[in-house]
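# Fold and contact review
The chain contents come next:
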Amino acid sequence: MDALNDFILQLGASPWVFAITFVVVAIDGFFPPIPSESILVALAALSVSSGNPNLILLILAAAAGAVAGDHIAYAIGRLLGLEKFRWMRAPRVVAAIDWARRGLERRAATLILVGRFIPVGRVAVSMTAGATRFSRRRFFALTVLAGTCWATYSAVVGLVAGAWFAENPVVGAVVAVVVALVLGVALDAVIAALVRRRDAKDAAREHAAPAQLPTPDERVPGETATTGPLGTR
């Protein structure tokens, strides 16, 4: 265990750790199987327990990687569309893309911010934004905000777990990853429930919309805007 702790400490002190964080997070922006959250949380836990890597630089590297990854996914969606490859037609991916398309039409800012915290969701949102020609300038501003919030949140999770196990960096990193996974599942479930509730309310509102009153030219003789034919109620 002491040898493993020493190795982890040396890894955290390496200047390459920031470049590695950037690359891993960027790849995760268009390839969800990469566990960028776990790596970032573990490094943040190591930072609080050993002092390395520098936490501010770690957050900046992760946020920059998140923005880069989101824009790579945006470019893929703009260049290739949403149905070119087989994996794009998988049920879960199709459902995520449909969710992203509806959200971009109704509440783009909220969707991009929320989508950053969902591994498959972030890819679906970015690719859909590219495929639908969503404003690149607006997308950049929103992804900077979303990436910064996501990186800060992940770092805070690592900080809390790392502080509990300051004497053992390896245990602190492992606990931080487990906590992050549990919080991620819970956050995913909460977001999905809120989205379903909002969609249900929107659908109910659309069905409950009053019928449009006929124009004066369409009314029959003797009918007004507030009465029926021949003045009846």
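Residues numbered from 1 in each chain as written. Predicted model: local features only at pLDDT ≥ 70, side-chain atom pairs only at ≥ 80, totals over all residues. Heavy atoms only, no water.

The next subject is the overall build of the protein chain. If you tally the helices and strands in the protein chain, you get nine helices and zero strands. Taken from N to C terminus, the helices and strands of the protein chain fall in the order α-α-α-α-α-α-α-α-α. Counting only residues that meet the buried cut, the protein chain has 38% of its 233 residues in that class. At a minimum sequence separation of 6, the contacts of the protein chain that also span at least 24 residues come to 73%. A total accessible area of about 13,100 Å² is found for the protein chain, and carbon and sulfur atoms account for 68% of it. (Helix = DSSP H or I, 4+ residues; strand = E, 2+ residues; numbered from the N terminus. Buried < 20%, exposed > 50% of the residue type's maximum accessible area, 1.4 Å probe, protein only. Contact = heavy atoms within 4.5 Å. Areas by Shrake-Rupley, 256 points an atom, 1.4 Å probe, with all protein chains shown as cover.)

Quick look at the pattern of salt bridges now. Inspection of the entire model under this criterion finds three salt bridges. One salt bridge connects Arg122 with Asp28, and the closest N-O pair in it is separated by 2.3 Å. In this pair, Arg122 sits in helix H7 (residues 119-131) while Asp28 sits in helix H2 (residues 16-28), placing the two residues 94 residues apart along the sequence. The buried category is assigned to Arg122, whose relative accessible area is 2%. For Asp28, a relative accessible area of 1% puts it in the buried group. (Salt bridge = Lys/Arg side-chain N within 4 Å of Asp/Glu carboxyl O.)

Another point: unusual backbone geometry. A positive phi angle, close to 60°, is found at Arg133, a residue other than glycine. Inspection of the secondary structure assignment puts Arg133 in the loop between H7 and helix H8 (136-164). Using a relative accessible area of 49% as the deciding quantity, one classes Arg133 as partly exposed.

Bringing the UniProt feature "transmembrane region" (unreviewed entry) in the protein chain into the picture now. Those places that UniProt annotates as "transmembrane region" (unreviewed entry) correspond, in this numbering, to residues 7-27, 55-80, 139-165 and 171-195. The distance from the first to the last C-alpha atom of residues 55-80 is 37 Å, and the span holds 100% helix and 0% strand. (UniProt positions renumbered as here; feature names shortened; annotations may be inferred.)

Time to look at the confidence of the model for the protein chain. Looking at the protein chain, pLDDT values average 75 and 62% of them are 70 or higher. Mean pLDDT values over the elements of the protein chain span from 55, in helix H1 (residues 2-13), up to 93, in helix H4 (residues 55-80). Predicted confidence for residues 1-5 stays below pLDDT 50, and this span has six contacts to residues more than four positions away or in other chains. Note that pLDDT drops below 50 for residues 225-233; the model gives that stretch 13 contacts with residues more than four away or on any other chain. (pLDDT = per-residue confidence, 0-100.)

Once that is clear, we can look at the packing of aromatic side chains. Geometrically, a pair of aromatic rings is defined through the distance of the ring centres and the angle of the planes. Taken as a whole and judged by the stated rule, the model has two aromatic pairs. Centroid distance Phe117 to Tyr153: 5.5 Å. Interplanar angle 70°. Geometry classified as edge-to-face. Here the residue Phe117 occupies a position in the loop between helix H6 (108-115) and H7, and Tyr153 occupies one in helix H8, the gap between them amounting to 36 residues. Residue Phe117 is classed as partly exposed on the basis of its relative accessible area of 23%. Tyr153 gets classed as partly exposed once you look at its relative accessible area, which sits at 30%. (Phe/Tyr/Trp six-rings, centres within 6.5 Å; stacked < 30°, edge-to-face > 60°.)

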